[in-house]
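Coordinate analysis (summary)
The chain contents come next:
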Amino acid sequence: MKALTNVDLFKTPLVLKITAFILIFITFFYLGRHWSSNGYQQLIFFSSAPQKSVAVSPNFNKSFNITALIAQTQSQTSPLQPPPMTTDQSSLFDMNRTFGILDSDGRMRNEFEVGEFDPEVLENWGNETGVESGEKDVSIRVKRFELCPESMREYIPCLDNVEAIKRLNSTERGEKYERHCPEEGKGLNCLVPQPKGYRQPIPWPRSRDEVWYSNVPHTRLVEDKGGQNWISKVKDKFKFPGGGTQFIHGADQYLDQINKMVPDIAFGSHTRVVLDVGCGVGSFGAYLLSRNVLTMSIAPKDVHENQIQFALERGVPAMIAAFATHRLLFPSQAFEVIHCSRCRINWTRDDGILLLEVNRMLRAGGYFAWAAQPVYKHEQILEEQWEEMLNLTTRLCWTLVKKEGYIAIWKKPFNNSCYLSREAGIKPPLCDPNDDPDNVWYVDLKACITRIPEDGYGANVAKWPDRLHTAPDRLQSIQMDADMSRKELFKAESKYWSEIIASYVRAWHWKKFKLRNVLDMRASFGGFAAALIDQGFDCWVLNVVPVSGPNTLPVIYDRGLLGVMHDWCEPFDTYPRTYDLLHAAGLFSIERKRCNISTIMLEMDRILRPGGRAYIRDSLNVMDELQETAKAMGWHVALHDTSEGPHASYRILICDKQLLHR
């Protein structure tokens, strides 16, 4: 018999079968090893751990999210998913895939409202050891936070730092009303309690005229200002007749008078964003809301220390701020009108440095309305103050448009021509061309006139409501890294949020939410706030631009929205229990490089109302710590997938703040 050659050997059926079996075995071995190391899909064929007998599946004692598998059967008809974005916006808030709550029979239902709580059912809050979470080698352990003492129920960390205020060299320029934050390691480490008898806030628009006494239990303003029609107490409520020191007959009549004096002000059309300085309880801004005007009401925490708290409880946009030694946290050319009615500010001191700050924030062609005794009284000292004011405003190139009764109204120029034509040596001078008028975080006031951009940026804004969706000129001046044009980025963000909020309205019945005071903690161009307006929500949004990112505040104001600069590694300048909804998209994955997550979360708890809700969309690598910190604060939490599915790198954490007691 002729010997087989090497080629013939490999053609025999037996050898071919053996070879095929070996290849199949190697293939399954490789797949088993590869899939077993994946956190989402695992086969049970192999275990990397040495076993004496039977290998245990790596899936043992683990749970898996099967939402995506269920959703596949509904993907063709489900109305819950927002339309896909054509641009990758990894930092934006996506639609939640699962929703609803379980009723007493264990069935899923979606008829629920945000912001409700039963004041008779309080969560018992003791000092327990803590909670722990984690997988594999990662473990997050957060000790339960204690309730702060009752004396801290209205604590504002950077404004109530008594020790820092005592160390100030001088307080004659209002330094004690500015930010003096606690030193590192001495910040808030407990949960600020609510007042005894705290109740669910009265909803807007009723809250414009009345709030619960138990929510802001302070009567000093009633005693001091009751005769000026600011506020009164009737049984268990505070009532707000709508008056003020200079408009005791009501804000509506006062606003009509201003409109008649200068028709070009045109509230709700030409004028959309207003600053009210020394606002009292916010009645000026409260009544402008019905005229499609957003007013930022500001006042210091002074002898009338609860005036801003009353404004916020009423549902009026407000913030604690003082004209002292630093720039206010608003951009240049932010407001069409700045109003001061008996605001007790000496505008002419220090070469007019405070009025120069007004000039910085006032839009080119905007108006300054001053209602004060020097306008209409003829006492010698008051007449001297009026002459000083006239002299200063003339050197600022402001035009006195109208003086009638107790109101005087000036207009700011549209360009720099008047400034450049002044005689040499006249003060105040123009600011240095390199000065950035939008740089406001801990920046000293400057005794110089802010230059108006030569290209007209900031002055040429569309009328309301067109300006909400018009890409403003100042969009081009934003310093940011972008792979696409700024206008395309602006449009993409607006479209994205519009689709997301529309989906929430359809699927989650957001119109039932009792939203009034909303804070967007990382606002970008303000797309989230614009989408809420488009959907007809009767709420206002304060858009926060973190110092860790590009300064988009000029764009936000040019759209007709409100915003402020802030560093989330420090406390916010507002009272406890201010907001109904806190929205944070992509915030923590950025700020965790600069400060502790718990620092920001405790501040969120301080400013969120009991019964309020926080929406946090962020990367997976911060979700464990966020969840456990929220639980340690007594929040009820639910983690959801984004529209990208369970394998996406982002999740949505929805948190409900509970009413706690000791």
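As the structure is a prediction and not an experimental result, all values here were calculated from the model.

Right, let's get into helix 8 (residues 307–314). Across the eight residues of helix 8, eight count as buried, placing the element largely inside the fold. Downstream of helix 8 by one or two residues, glycine 315 has phi in the positive range, about 90°.

The strand order 11-10-9-12-13-15-14 describes an open sheet built from seven strands, whose pairing is mixed. The outermost strands of the open sheet, each flanked by one partner alone, are strand 11 (318–320) and strand 14 (399–404). When the angles between neighbouring strand axes are averaged without regard to direction, this sheet yields 20°. Across three bridges, strand 10 (residues 294–299) lies against strand 11 in parallel orientation. The residue bridging alanine 299 from the neighbouring strand is isoleucine 320, located in strand 11. Of the strands in this sheet, strand 12 (335–341), strand 13 (362–371), strand 14 and strand 15 (407–411) are in contact with helix 6 (residues 251–261), which crosses strand 15 at around 45°. On the sheet, helix 8 packs against strand 10 and strand 11 and is oriented at approximately 155° with respect to strand 11.

This part takes up unusual backbone geometry. The amide bond that connects tryptophan 204 to the next residue, proline 205, takes the cis arrangement and shows omega of 10°. Here proline 205 is to be found in the loop between helix 4 (162–166) and strand 6 (210–212). Residue proline 428 is bonded to the preceding lysine 427 through a cis peptide linkage, with omega at 0°. In this fold, proline 428 is placed in the loop between helix 12 (417–420) and helix 13 (486–508). Backbone geometry places asparagine 292, a non-glycine residue, at a positive phi of 60°. The residue asparagine 292 is located in the loop between helix 7 (283–288) and strand 10 in this model. Taking the relative accessible area as the measure of exposure, asparagine 292 reaches 44% and is therefore partly exposed.

Every other side chain in a regular strand lies on the same face of the sheet, so the side chains alternate between the two faces. The buried fraction of strand 10 amounts to six of the six residues, a majority that puts the element mostly inside the structure. In strand 10, alternate side chains face the same way, and those of Leu294, Met296 and Ile298 on one face and Thr295, Ser297 and Ala299 on the other are all buried. In this sheet, strand 10 lies alongside strand 9 (residues 273–277) in parallel orientation, the contact comprising five bridges. Bridge pairing links leucine 275 to methionine 296 in strand 10. Traced from strand 9 through helix 7 to strand 10, the parallel crossover comes out right-handed.

Looking at the protein as a whole, the pLDDT averages 84, with 79% of positions reaching at least 70. Considering only residues more than four positions removed or in separate chains, one finds that residues 1–10, a stretch of pLDDT under 50, has three contacts. Taken as a whole, residues 33–115 scores under 50 in pLDDT and shows 136 contacts with residues more than four places along the chain or in a different chain.

Right, let's get into the nonpolar core. Judged by nonpolar contacts, the single largest core of 151 residues is most densely connected at Trp347, Phe368 and Phe588. Counting residues in hydrophobic clusters, the runner-up holds nine residues, among them Ile231, Phe238, Val281 and Phe310.

To find leftover empty space, a probe the size of one water molecule is rolled over the atoms. This model, assessed by the stated rule, comprises five cavities of 30 Å³ or more. Put simply, the largest cavity is a space of about 260 Å³. As for the largest cavity, its lining consists of 18 residues, of which Arg179, Ala322, Arg327, Leu329 and Asp573 are closest to the centre. Along the lines of polarity and charge, the residues of the lining of the largest cavity split into 13 nonpolar, one polar and four charged. There is about 70 Å³ of room inside the second largest cavity.

The next subject is the environment of asparagine 359. Within the secondary structure, asparagine 359 sits in helix 9 (residues 349–361). We classify asparagine 359 as buried; its relative accessible area is 0%. In this structure, the C-alpha to C-alpha distance between asparagine 359 and leucine 396, residues 37 residues apart in sequence, is 8.3 Å. In contact with asparagine 359, not counting residues within four places along its chain, are Trp398, Lys412, Tyr419, Ile449 and Thr450.

Before going further, it helps to spend a moment on the environment of threonine 348. Mapping threonine 348 onto the fold places it in the loop between strand 12 and helix 9. A relative accessible area of 22% means that threonine 348 is categorised as partly exposed. In contact with threonine 348, not counting residues within four places along its chain, are Glu388, Met389 and Leu392.

Moving on, we come to the side chain of serine 283. Positionally, serine 283 belongs in helix 7. Dropping the residues within four chain positions of it, serine 283 is found in contact with Gly242, Gly243, Ala251 and Arg314.

Next up on the list: the sheet that holds strand 6. Taken together, the three strands give an open sheet; going across it, the order is 6-8-7, and neighbouring strands pair in antiparallel fashion. With partners counted over all chains shown, the strands left at the sheet margins are strand 6 and strand 7 (232–234), one partner each. Ignoring which end each strand starts from, the neighbouring axes of this sheet average 30° apart.

This next bit is on helix 17 (residues 597–607). Most of helix 17 sits out of view: nine of its 11 residues are buried. When we look at burial in helix 17, the residues that qualify are Ile597, Ile600, Met601, Leu602, Glu603, Met604, Asp605, Arg606 and Ile607. Close packing links the buried residues of helix 17 with strand 16 (517–520), strand 19 (579–585), helix 16 (588–591), strand 20 (608–619) and helix 18 (620–632).

Conventions adopted
Residues numbered from 1 in each chain as written. Predicted model: local features only at pLDDT ≥ 70, side-chain atom pairs only at ≥ 80, totals over all residues. Heavy atoms only, no water. Buried < 20%, exposed > 50% of the residue type's maximum accessible area, 1.4 Å probe, protein only. Helix = DSSP H or I, 4+ residues; strand = E, 2+ residues; numbered from the N terminus. Pairing = 2+ DSSP bridges. Axes fitted to C-alpha atoms, helices over the stretch in contact; angles between N-to-C directions. Contact = heavy atoms within 4.5 Å. Right-handed = clockwise from strand over helix to strand, strands pointing away. pLDDT = per-residue confidence, 0-100. Core = buried A, V, L, I, M, F, W, Y, C linked by side-chain atoms within 4.5 Å. 1 Å grid on protein atoms, 1.4 Å probe; cavity = no way out; pocket = protein on both sides within 12 Å on 5 of 7 lines; lining within 4 Å. Points joined across faces, edges and corners; volume = space filled by probe spheres on them. Nonpolar A, V, L, I, M, F, W, Y, C, P; charged D, E, K, R; others polar.

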